[in-house]
Amino acid sequence: MTVHFIGAGPGAADLLTVRAVTLLRDSPVCLYAGTYLDPDVLAHCAPGTEFVDTQGLDLDQITAHLARADAAGHDVARLCSGDPSLYSALTEQTRRLDALGIAWDVTPGVPAYAAAAAVLGTELTVPEVVQSVVLTRTRVRSTTMPASEELAGFARTRATLVLHLAITRIRTLAAELAGEYGADCPVAVVYRASQPEQLVLRGTLADIADAVEAAELRQAAVILIGRALTPALECSVSHLYDPARNRQVGGMSDSGSL
């Protein structure tokens, strides 16, 4: 049978793909991370589905559940918060499934950073302001970051920076980033984007830590930093949609020459 790694999206039950909903409905076993998941997502599963909350399980225990379901001839829906391509432990799990000869596939989901940007009504790439987005995290009680991926290095690009798993270090990080981005650089923190508990905090690198600490946020929050978040931002017109380009292209087409 097959283990389906499914992007559960940012939390809202109606932000899953059609494919994800179909797989949930057709899989007799569902493993999910209860820490970040809105329980309404599980309503897509069929009556009688066996549910396993993985938030208190280690990798060996999770693999044992997957192997047991496979041995019983059951497809498994393995829900990952956001999209499986980011911080989902997909590599560790699929490596073990390969060793056991268990088939698997991946269904993408709406990543948390995209849901956060949608809540903010913000494009993260703005013409002639910023054209790159860096998705990263910091280390607190987690896996060591590669030496080449220090936050200061990313900050020097002044790209739109999206920090996952970093909310408890907001004060230290804001002070560290202010040197490159400027203390007045806009920051937004989105807690549980798309879920009933959703909370949005806006500020700058100078004051966002005060707002986060006052709200007592400790997890499930995405931090977005960069000039693209500037309210009522003035920007150039994208080359693709620039009326001057359209006139130029039309002129070339009429003359048949460059």
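Residues numbered from 1 in each chain as written. Predicted model: local features only at pLDDT ≥ 70, side-chain atom pairs only at ≥ 80, totals over all residues. Heavy atoms only, no water.

Asker: Is there a simple way to think about the overall build of the protein in this case?
Answerer: Assigned secondary structure in the protein consists of eight helices and 10 strands. Classification of the 258 residues of the protein by burial places 41% in the buried group. For the protein, contacts bridging at least 24 residues in sequence account for 69% of all contacts bridging at least 6. Only carbon and sulfur atoms are counted for the fraction: they give 52% of the accessible area of the protein, which is about 13400 Å². (Helix = DSSP H or I, 4+ residues; strand = E, 2+ residues; numbered from the N terminus. Buried < 20%, exposed > 50% of the residue type's maximum accessible area, 1.4 Å probe, protein only. Contact = heavy atoms within 4.5 Å. Areas by Shrake-Rupley, 256 points an atom, 1.4 Å probe, with all protein chains shown as cover.)

Asker: It is not clear to me how the packing of helix H2 (residues 59-71) against helix H3 (residues 90-100) should be interpreted in this structure. Could you clarify?
Answerer: Pairs of packed helices are described in terms of their axes, by the angle between the two and the distance that separates them. Here H2 crosses H3 at 45°, and the two axes come no closer than 11 Å. Here H2 lies oblique to H3, going by the angle between them. Between H2 and H3 the crossing geometry is right-handed. Residues Leu 59, Asp 60, Ile 62, Thr 63, Leu 66 and Ala 67 of H2 form the contact with H3, whose own contacting residues are Glu 92, Gln 93, Arg 96, Leu 97 and Leu 100. For the contact of H2 with H3, the class distribution of residues is six nonpolar, two polar and three charged. (Axes fitted to C-alpha atoms, helices over the stretch in contact; angles between N-to-C directions. Parallel < 35°, antiparallel > 145°, perpendicular 65-115°, else oblique. Left-handed = near helix turned anticlockwise from the far one by under 90°. Nonpolar A, V, L, I, M, F, W, Y, C, P; charged D, E, K, R; others polar.)

Asker: Looking at this model, I keep getting lost on the packing of aromatic side chains. Mind explaining?
Answerer: The geometry of an aromatic ring pair is captured by the separation of the ring centres together with the interplanar angle, meaning the angle of the planes. For the structure on display, the rule yields two aromatic pairs. Here Tyr 32 and Phe 51 contribute two aromatic rings whose centre-to-centre distance is 6.4 Å and whose plane-to-plane angle is 85°, an arrangement assigned as edge-to-face. Of this pair, Tyr 32 sits in strand E2 (residues 29-32) while Phe 51 is found in strand E3 (residues 50-53), placing the two residues 19 residues apart along the sequence. Look at Phe 51 and you get partly exposed, because its relative accessible area is 39%. (Phe/Tyr/Trp six-rings, centres within 6.5 Å; stacked < 30°, edge-to-face > 60°.)

Asker: Help me out: how do you make sense of helix H1 (residues 18-26) in this one?
Answerer: In an α-helix, one full turn covers 3.6 residues, which means residues spaced three or four apart are oriented alike. Taken residue by residue, H1 has Ala 20, Leu 23 and Leu 24 as its buried positions. One side of H1 carries all its buried residues, which in axial view fall inside an arc of 100°. Across H1 from its buried face, at more than 90 degrees, point the exposed residues Val 18 and Arg 19. Summarising the contacts, the buried residues of H1 are in contact with strand E1 (2-7), E2, strand E4 (76-80) and strand E5 (103-107). (Arc of directions from axis to C-beta.)

Asker: Please explain unusual backbone geometry as it appears in this structure.
Answerer: Peptide bonds are mostly trans, and most non-glycine residues show a negative phi. Its identity as a non-glycine residue notwithstanding, Glu 128 has a phi of 65°, on the positive side. With respect to the helices, strands and loops of the structure, Glu 128 is situated in the loop between helix H4 (112-120) and strand E6 (133-137). For Glu 128, a relative accessible area of 72% corresponds to the exposed category. Positioned with a positive phi, Arg 158 is a non-glycine residue whose angle comes to about 55°.

Asker: Help me out: how do you make sense of the side chain of Thr 136 in this one?
Answerer: Relative to the helices and strands, Thr 136 resides in strand E6. Given the relative accessible area of 2%, Thr 136 is considered buried. For Thr 136, the contacting residues outside a window of four places in its chain are Tyr 87, Met 145, Leu 151, Phe 154, Leu 161, Val 162, Leu 163 and His 164.

Asker: Would you mind going over the environment of Asp 75 with me for this structure?
Answerer: Mapped onto the fold, Asp 75 is located in the loop between H2 and E4. Residues Asp 75 and Leu 23 lie 52 residues apart in sequence; the distance between their C-alpha atoms is 8.9 Å. In terms of polar contacts, Asp 75 uses its side chain to reach the backbone amide nitrogen of Thr 2, at 3.0 Å. Looking at Asp 75, its side chain comes within polar contact range of the side chain of His 4, at 3.3 Å. (Polar contact = N/O pair within 3.5 Å; in protein donor to acceptor, adjacent residues only side chain to side chain.)

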